[in-house]
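These are the residues of each chain, in order.
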Amino acid sequence: MKDIHKLIRLAIAVCCAASAGAMAAPGNKALEGRSEVVLSRPAYEAAKKRIEAQSRVDRQACKRLKGERREVCDAQAKGKEDAALAKLEARWKRTPEAIQEAKEVTADANYRVAREECEALQGDARDRCIDAAKAEPEAAIRQARVEKVHSTGGVFGPKDAGARTASPAGKS
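What counts as what
- Residues numbered from 1 in each chain as written.
- Predicted model: local features only at pLDDT ≥ 70, side-chain atom pairs only at ≥ 80, totals over all residues.
- Heavy atoms only, no water.
- Salt bridge = Lys/Arg side-chain N within 4 Å of Asp/Glu carboxyl O.
- Helix = DSSP H or I, 4+ residues; strand = E, 2+ residues; numbered from the N terminus.
- Buried < 20%, exposed > 50% of the residue type's maximum accessible area, 1.4 Å probe, protein only.
- Axes fitted to C-alpha atoms, helices over the stretch in contact; angles between N-to-C directions.
- Parallel < 35°, antiparallel > 145°, perpendicular 65-115°, else oblique.
- Nonpolar A, V, L, I, M, F, W, Y, C, P; charged D, E, K, R; others polar.
- Core = buried A, V, L, I, M, F, W, Y, C linked by side-chain atoms within 4.5 Å.
- Expected span 1.5 Å × (residues − 1).
- Contact = heavy atoms within 4.5 Å.
- pLDDT = per-residue confidence, 0-100.

Description of the pattern of salt bridges
And then number 1: Inspection of every chain in the model, using the stated rule, returns ten salt bridges.
And then number 2: Where Asp82 meets Lys78, a salt bridge forms, and the shortest distance between an N and an O atom there is 3.2 Å. Taken together, the residues span about one helical turn, with Asp82 and Lys78 both in helix H3 (residues 67-93) at a distance of four residues.
And then number 3: On the accessibility criterion, Asp82 (18% relative accessible area) is buried.
And then number 4: The exposure class of Lys78 is partly exposed, given its relative accessible area of 36%.
And then number 5: The shortest N-O distance in the salt bridge between Asp108 and Arg112 comes to 2.6 Å. Placement of the pair is Asp108 and Arg112 together in helix H4 (residues 96-118), with a separation of four residues, close to one helical turn.
And then number 6: Using a relative accessible area of 28% as the deciding quantity, one classes Arg112 as partly exposed.
And then number 7: Salt bridges sharing partners connect three or more residues here, namely Lys78, Asp82, Asp108 and Arg112.

What follows is the structure, encoded as structure tokens:
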């Protein structure tokens, strides 16, 4: 009888842990961008391990390729891991700075992949490709900085909110 109760408790614990892990997965669209959802330490660690495991699988798949295709594949695997870890860190910290950092890391990863893809080209096409590859992350980083300013209230953020709404003495 005691063994059955232990077995039931174990089954319940496993189910709860599995559902919590699934909810905390980095690709879960239901939780992305929701600041009220707190990511627990075990869920953070589990998600980090999943990202690292997926990165190992991706890099292993790249080993089958040769030459330029392998270099692009390696850049994609590294970029995917870097971006996923940065997004996870942003979800963990839940600060505008961490969110901006995640966007910048993602933009940099996209640049590295585009740069590797440009290496296969020659002449003017390569130069145009590299110029386009440089322009995309710069625009993404500028956008991330603007979004950070907007999310923190900008120059007249929450700490100055009272000063803006108060009317000067003697005027109504």
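Let's pick the thread back up.
Things to note about the packing of H3 against H4
And then number 1: Interaxial distance between H3 and H4 falls to 8 Å at its minimum, and their mutual angle equals 175°. On the basis of their axis angle, the class for H3 and H4 is roughly antiparallel.
And then number 2: Its residues assigned to classes, the contact of H3 with H4 comprises eleven nonpolar, three polar and nine charged.

Describing unusual backbone geometry
And then number 1: The backbone phi angle of Arg94 is positive, close to 55°, even though this residue is not glycine.
And then number 2: Along the chain, Arg94 turns up in the loop between H3 and H4.

Observations concerning the nonpolar core
And then number 1: If you look at the biggest cluster of nonpolar residues, it comprises six residues: Leu39, Ala43, Tyr44, Ala47, Ile51 and Leu88.
And then number 2: The element best represented in this core is helix H2 (residues 41-62), accounting for four residues.

Notes on H3
And then number 1: For H3, which comprises 27 residues, the first-to-last C-alpha distance of 39 Å matches the rise-based estimate of 39 Å (1.5 Å per residue) to within 8%.
And then number 2: Val72, Cys73, Ala75, Ala77, Gly79, Glu81, Asp82, Ala83, Ala86, Leu88, Ala90 and Arg91 are the residues of H3 that are buried.
And then number 3: Of the surrounding elements, those touching the buried residues of H3 are H2 and H4.
And then number 4: Taken from the residues just after H3, Arg94 is the one with a positive phi, measuring 55°.

Digging into the confidence of the model for the chain
And then number 1: For the chain, per-residue confidence averages 74 on the pLDDT scale, and 66% of positions sit at 70 or higher.
And then number 2: Put simply, helix H6 (residues 161-165) is where the chain has its lowest mean pLDDT, 44, and H2 is where it has its highest, 94.
And then number 3: Note that residues 160-172 has pLDDT below 50 and, in this model, three contacts with residues that lie over four places away or in other chains.

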